[in-house]
Amino acid sequence: MTQHYDDLWKLDHEHVMQTYGRQPVAFVRGDGTKLWDSEGKVYLDFLTGLATVSLGHAHPAVADAIADQARTLVHVSNLYLNDQQPRLAERIDLLLTSATGTPGQVFFANSGAEANECAIKLARRYGQSSGGPERYHVLSAYNSFHGRTLTTLAATGQPQKQETFQPLPSGFRQVEFADVDALAAAMDERVCAVLLEPVQGEGGVQPAPPGYLEAVRALCDEREALLMIDEVQTGLGRTGRWFGFEHSGDVRPDVVTLAKALGNGMPIGACWARRDVAGAFKPGDHATTFGGQPLAARAALAVLDVMEHENVAARATEQGKRLMVGLADLTQVKDVRGLGLLIAAELVDGLAAGPVAASCLDHGLVVNAVTPTSLRFAPPLLVTAEEIDAGIAILKEVLDGQHP
Ligand SMILES: *Cc1c(COP(=O)(O)O)cnc(C)c1O
């Protein structure tokens, strides 16, 4: 029995910690690109839980896999093997072996932050075993986002998110994104790893400029630091390639983290590392109760099956072009950026993205204000051309009614 928004709002404000600035809607059902709220209103979802439900809501193959596995085996301890986790690890490793040219191994977590937490612990372990106890610093970029645990917050280059939680774990420094010289200047012998997003997602959908990641790779080779690419938002077809770093030339990351799209909404994260790097972890070094449990792993296997069969990366390229062209056509949009189906539209001066996103929601289109002046679009990778056009039509109607 679905409750109405006002009742849900009251329960939320009474009993849920108020850490989110939420929009005034409660979703109760989804199907593909569509969402329904508690009052029965239908929406086009061009955000997919922040690039998470990449195959669309309630995808039948994923739903069947989850339901079947729920009746078979949901969870066993990582003290024992289960029949899903190693198969998923093989699939992810094959994808990353072909993208990097190097075989690796995977650790499973439950979120993006935890996948990055694993990467950071692994980098320290590897760095200290090869470079001594002082080699534990991790360099990342300003404007980045790597998660909200204390350690991933320390790696997240957004001082306003960090301020209220000092002191943060030590050994983290940030430099300007896309500035190779700044990175080179910071790369002393204490640095065990560089952690970067191929497209800064939360930072406003800012793709790495051509040549940047390749230069970072060369620098990491020269200074013996690991290159760790955070693909939590960009990974698994979203940008038009399996991985965001594949838009660059010779990057060959040593460590890659995944999460959002991996379970199509089921909580799962993964940290992949080149085999010799992964070998720095010994039994007992790292663990989690839920990571790689049968239910989440089975869901992720179904997700990868659909992604392969439907060739979602190619679809993201095709529909991404259509969306970009449609957005660029709007008079109130001054600039469009992004890769594949991870796109931001910069609004003309005087238009604030927050009120525009709120008005879109009112008109049945889910998007978010990724910066105060730009909107983010991350529709399902299986979105149709008709849905893209319908979404743009709603946005056009909203923008035409805005008065800066
Ligand atoms: C969302 C995100 C994270 C954090 O993932 P959670 O599942 O929220 O912990 C980390 N890195 C990037 C690039 C992200 O977009």
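Residues numbered from 1 in each chain as written. Predicted model: local features only at pLDDT ≥ 70, side-chain atom pairs only at ≥ 80, totals over all residues. Heavy atoms only, no water.

Participant: Outline the domain arrangement of the chain, listing residues and values.
Facilitator: Once the domains are mapped, the chain shows domain 1 (5-58 + 311-400) and domain 2 (73-309). Each of domain 1 and domain 2 has a C-alpha centre, and the two are 26 Å apart. Every contact between the two is made by 28 residues of domain 1 and, on the other side, 27 residues of domain 2. Buried surface at the junction of domain 1 and domain 2, summed over both partners, amounts to about 2100 Å²; 61% is from carbon and sulfur atoms. (Domains from an automatic or database assignment. Contact = heavy atoms within 4.5 Å. Buried area = accessible area lost by both parts, 1.4 Å probe.)

Participant: Can you explain the nonpolar core? Please cite residues and give values.
Facilitator: By size, the foremost hydrophobic cluster in this structure holds 80 residues, and its most contacted members are Phe377 and Leu395. Per element, the largest residue contribution to this core is nine residues, and it comes from helix H11 (residues 294-309). Beyond its immediate stretch of four places on either side in the chain, Phe377 contacts Phe46, Leu323, Leu327, Leu341, Leu342, Ile343, Ala345, Val367 and Leu395. Counting 25 residues, the second largest nonpolar core, distinct from the first, contains Val138, Val255, Val277 and Ala280. (Core = buried A, V, L, I, M, F, W, Y, C linked by side-chain atoms within 4.5 Å. Buried < 20%, exposed > 50% of the residue type's maximum accessible area, 1.4 Å probe, protein only. Helix = DSSP H or I, 4+ residues; strand = E, 2+ residues; numbered from the N terminus.)

Participant: Which residues make up unusual backbone geometry, and what values go with them?
Facilitator: In this model, Gln166 is joined to Pro167 through a cis peptide bond whose omega is 0 degrees. Tracing the sequence through the fold places Pro167 in the loop between helix H7 (159-162) and strand S6 (172-175). Although it is not a glycine, Leu236 adopts a positive phi angle of roughly 65 degrees. You can see Leu236 is positioned in the loop between strand S10 (226-230) and strand S11 (255-258). The class for Leu236 is buried, based on a relative accessible area of 3%.

Participant: Now, about the sheet that holds strand S17 (residues 374-377): what can you tell me, with residues and values included?
Facilitator: Strand pairs in the sheet, formed through backbone hydrogen bonds, run parallel or antiparallel to each other. An order of S13-S14-S17-S16 is seen for the four strands of this open sheet, with the pairing classed as antiparallel. Of all the strands in the sheet, just strand S13 (333-339) and strand S16 (368-371) have a single pairing partner and so form its edges. The average undirected angle you get between the axes of adjacent strands in this sheet is 35 degrees. The sheet contact formed by strand S14 (residues 342-347) and S17 spans four bridges and is antiparallel. The residue of S17 that forms the bridge with Glu346 is Ser374. (Pairing = 2+ DSSP bridges. Axes fitted to C-alpha atoms, helices over the stretch in contact; angles between N-to-C directions.)

Participant: Quick one: what's the story with the environment of Asp179, residue by residue and with numbers?
Facilitator: Inspection of the secondary structure puts Asp179 in the loop between S6 and helix H8 (180-186). Owing to a relative accessible area of 29%, Asp179 belongs among the partly exposed residues under this scheme. Between the alpha carbons of Asp179 and Gln85 there is a distance of 39 Å; along the sequence they are 94 residues apart. Within polar-contact distance, the side chain of Asp179 engages the backbone nitrogen of Ala182 at 2.9 Å. (Polar contact = N/O pair within 3.5 Å; in protein donor to acceptor, adjacent residues only side chain to side chain.)

Participant: So what's going on with the site of the ligand? Which residues, and what values?
Facilitator: Every residue near the ligand is listed here: Ser111, Gly112, Ala113, Asn116, Phe145, His146, Gly147, Glu197, Asp230, Val232, Gln233 and Lys260. Contacts to the ligand include Gly112, whose backbone N or O atom sits 2.8 Å from an oxygen atom. At a separation of 2.8 Å, an oxygen atom of the ligand approaches a polar side-chain atom of Gln233. The element that contributes the greatest number of residues to the shell around the ligand is helix H5 (residues 112-131), accounting for three residues. Residues that form the shell around the ligand fall into these classes: three nonpolar, six polar and three charged. (Near = heavy atom within 4 Å. Nonpolar A, V, L, I, M, F, W, Y, C, P; charged D, E, K, R; others polar.)

Participant: Please provide a residue-by-residue account of the sheet that holds strand S1 (residues 27-31), values included.
Facilitator: Taken in spatial order, the four strands line up as S1-S2-S3-S15 in an open sheet, and their pairing is mixed. Sheet topology places S1 and strand S15 (365-366) at the edges, where each strand pairs with a single neighbour. Here four bridges tie S1 to strand S2 (residues 34-37), and the two strands are oriented antiparallel to one another. Paired with Arg29 across the two strands is Trp36, which belongs to S2.

Participant: Give me the lowdown on the layout of surface pockets, citing residues and values where you can.
Facilitator: Of the volumes computed, that of the second largest pocket is approximately 720 Å³. In this structure, the second largest pocket is lined by 27 residues; those nearest its centre are Gln85, Val106, Phe107, Phe281 and His286. Of all elements in the fold, only helix H4 (85-100), strand S4 (104-109), H5 and strand S12 (269-274) reach the threshold of two or more residues within the lining of the second largest pocket. The element best represented in the lining of the second largest pocket is S4, accounting for four residues. Partitioned by chemical class, the residues of the lining of the second largest pocket number 15 nonpolar, ten polar and two charged. (1 Å grid on protein atoms, 1.4 Å probe; cavity = no way out; pocket = protein on both sides within 12 Å on 5 of 7 lines; lining within 4 Å. Points joined across faces, edges and corners; volume = space filled by probe spheres on them.)

Participant: Describe in detail the pairing of S11, supporting the description with residues and values.
Facilitator: Of the two faces of S11, the one lined by Val255 and Thr257 and the one lined by Val256 and Leu258 are each fully buried. Taken together, the three bridges between S10 and S11 define a ladder with parallel strand orientation. In the sheet register, Met228 faces S11, and the bridge partner there is Val255. Sheet analysis places S11 next to S12, joined by four bridges and oriented antiparallel. In the strand pairing of S12, Val255 is matched with Ala273.

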